Amino acid sequence: LRLQPRCTRAVLPLGRPMVRLVLPQTQAFVPLAPFARAMSPSAPLSVPLRTSSTHVVDDLEKALQSAAQMEQTSVTLKATLETGLGLLLPDNQSSALSRRQRTLIQIANFLRRELPVRLARRVVELKSLPGGLDQMPSVQRVREWYQHSFVAIRRSDPVVCAESEARFCALLEEIYERHAPTLVTMAHGVYQLKGQMDKEHGPGFDFGARSEIHQFLDRFYMSRIGIRILIGQYLELHRAPQAEGYVGLINRHTSPAEIAEQAIYDAKYLCERTHGDAPEVLIYGRSDGTFTYIPSHLYYCLFELLKNSLRAVTEYHGVDSSLPPIKVIIADSESNEDVVIKVSDEGGGIPRSHMPRIFSYLFTTATPAFGTNNAAFSSAGDHGTDSPLAGLGYGLPISRTYARYFGGDLNIMSMEGYGTDAFLHLSRLGNRAEPLP
């Protein structure tokens with residue numbers, strides 16, 4: 001992405017940089033049991049499958065099943081913000097540690113209890129997916145990442161002081177980077193399954209009709225967003241000084257208009273690079289309003305909606321024609337329940353028969369950005385403009401998941417032959433608990 005300095009933090013995926021990882025291609029690994037008392041602290045986290053003893057694998061399976069049965073703790077944006085500010089610390093606690101350090105220890109202990117439960121649920125679910133999705137190599141790789149992280153956290157020392165908190169932070173840094181390519185890698189697995197089903201059932205096979213696969217993906221990506229926020233918020237609180245208004249990933253003065261400007265700039269650049277031209281994008285409505293939100297979530301949703309509209313207008317009218325502008329309308333007031341943003345285009349609309357499938361994964365009218373370049377999947381992050389997700393049909397369903405995470409929503413209204421209106425609803429109140437699967 002081309003970043004304008006005044007909005008740089010808003011556009012980073014979850015406020016954290018992504019790094020390129022070299023991933024194992026063929027050999028499967030099974031982590032050692034995290035609760036083995038005789039294990040040396042310096043022992044490796046994983047061993048090749050062929051050398052693992054049966055009881056170690058059985059113990060790990062029991063630990064995963066036990067953790068997966070535990071209740072998850074749903075959080076709200078408001079509670080996440082107040083915890084980051086240190087407002088939820090016990091009043092009667094006397095300690096030589098600073099308030100900031102006690103806050104980090106409090107969050108670290110919560111994550112040490114909560115993350116294994118969430119990771120274990122995903123590992124268990126990834127072992128029995130519909131349609132043979134669990135047999136895809138990319139999906140198996142993701143399962144190994146989750147299993148590895150589960151073991152690492154279970155083996156970590158209790159967080160009781162500044163030194164143990166620093167070690168736990170370093171561990172979560174490693175886990176955060178390990179899981180950076182998860183979205184793209186899972187997309188590759190779904191793409192592999194679709195190709196396999198197309199061969200088995202013929203080119204007329206409707207992958208969008210496999211509702212059980214799409215329901216799983218909705219649950220998986222909702223859970224992933226939650227895990228990324230919990231870890232990313234904690235890691236970001238370690239970084240000082242933070243930009244004005246920020247508490248971890250959360251900005252108490254998020255400006256929809258400013259983030260829309262950044263998304264417009266980046267989406268137009270991508271459209272011009274691809275098609276040679278791009279229509280104007282105009283912002284109407286409340287341009288001076290702010291609210292408490294995670295800017296990277298809002299940016300991702302707007303960028304995806306604008307990217308779709310710019311492509312639709314350019315292809316429908318042609319680059320040699322006069323391109324009608326796209327309108328971004330912001331409806332916001334301190335008394336409103338939601339901040340509502342409408343992206344309206346004259347790009348020809350969507351056929352009514354396609355509307356039930358627009359939030360299905362892999363449903364797209366664009367050409368996927370990958371096909372033969374499978375190597376990209378081992379190193380790509382989530383949301384770059386050059387990501388293999390581009391053109392894959394993930395933009396709308398993932399955007400809706402981001403919107404719904406804290407109680408918002410994304411709705412599409414279309415008029416075939418004219419254009420499309422997308423309505424993005426974001427809760428102002430911050431009291432909606434995450435909808436944990």
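Residues numbered from 1 in each chain as written. Predicted model: local features only at pLDDT ≥ 70, side-chain atom pairs only at ≥ 80, totals over all residues. Heavy atoms only, no water.

A. Looking closely at the nonpolar core. Counting 106 residues, the largest nonpolar core has L172, Y234 and Y394 as its most contacted members. By residue number, the principal contributor to this core is helix α8 (residues 211-237), which donates 14 residues. (Core = buried A, V, L, I, M, F, W, Y, C linked by side-chain atoms within 4.5 Å. Buried < 20%, exposed > 50% of the residue type's maximum accessible area, 1.4 Å probe, protein only. Helix = DSSP H or I, 4+ residues; strand = E, 2+ residues; numbered from the N terminus.)

B. View of the sheet that holds strand β5 (residues 281-285). Taken in spatial order, the five strands of this open sheet run β5-β7-β8-β10-β9, and their pairing is mixed. Both outer strands of the open sheet, β5 and β9 (409-415), are each paired with one neighbouring strand and no more. Across the sheet, the mean angle from the axis of one strand to that of its neighbour is 15°, orientation sign disregarded. One ladder, built from seven bridges, connects β9 with strand β10 (residues 419-427); its direction is antiparallel. If you follow N411 over to β10, its bridge partner there is F423. Against the sheet, helix α9 (residues 256-275) contacts β5, β7 (326-331) and β8 (338-345), and its axis sits at roughly 170° relative to β5. Relative to the sheet, helix α11 (residues 395-405) contacts β9 and β10, its axis offset from that of β9 by approximately 135°. (Pairing = 2+ DSSP bridges. Axes fitted to C-alpha atoms, helices over the stretch in contact; angles between N-to-C directions. Contact = heavy atoms within 4.5 Å.)

C. Up close: the environment of I330. Structurally, I330 can be placed in strand β7. Relative accessible area serves as the criterion here: at 4%, I330 is assigned to the buried category. Linking I330 and P256, residues 74 residues apart in sequence, is a C-alpha distance of 7.5 Å.

D. View of the confidence of the model for the protein. For the protein, the average pLDDT comes to 83, and 80% of its residues sit at 70 or higher. Segment residues 372-380: pLDDT under 50, and 19 contacts once partners within four positions in sequence are set aside and those in other chains are kept. For the stretch residues 383-389, pLDDT sits under 50, and the model shows 24 contacts to residues farther than four places along the chain or on other chains. (pLDDT = per-residue confidence, 0-100.)

E. Quick peek at the packing of aromatic side chains. This structure, assessed with the given rule, holds eleven aromatic pairs. Ring centres of Y146 and F220 lie 5.7 Å apart, and the angle between their planes is 45°; this geometry places the pair in the tilted category. Of this pair, Y146 sits in helix α5 (residues 137-155) while F220 sits in helix α8, placing them 74 residues apart in sequence. Taken individually, Y146 and F220 each receive the classification buried, so the pair is uniform in this respect. Residues Y300 and Y402 carry aromatic rings whose centres are separated by 5.2 Å and whose planes lie at 55° to one another, so their mutual orientation is tilted. Placement of the pair is Y300 in helix α10 (residues 295-317) and Y402 in helix α11, with a sequence separation of 102 residues. Y402 matches Y300 in its accessibility class, with the two residues each being buried. Through pairs of rings, three or more aromatic residues link up here, namely Y146, F216, F220, Y221, Y361 and Y394. (Phe/Tyr/Trp six-rings, centres within 6.5 Å; stacked < 30°, edge-to-face > 60°.)

F. A nonpolar patch on the surface, seen in detail. Together, L85, L87 and L88 line one region of the surface with nonpolar side chains, adding up to about 250 Å² of accessible area. Relative to the helices and strands, L88 resides in the loop between α3 (77-84) and α4 (99-126). Look at L88 and you get partly exposed, because its relative accessible area is 40%. (Patch = residues over 30% accessible without salt bridge, like charges linked within 9 Å, V, L, I, M, F, W, Y side chains within 5 Å. Areas by Shrake-Rupley, 256 points an atom, 1.4 Å probe, with all protein chains shown as cover. Salt bridge = Lys/Arg side-chain N within 4 Å of Asp/Glu carboxyl O.)

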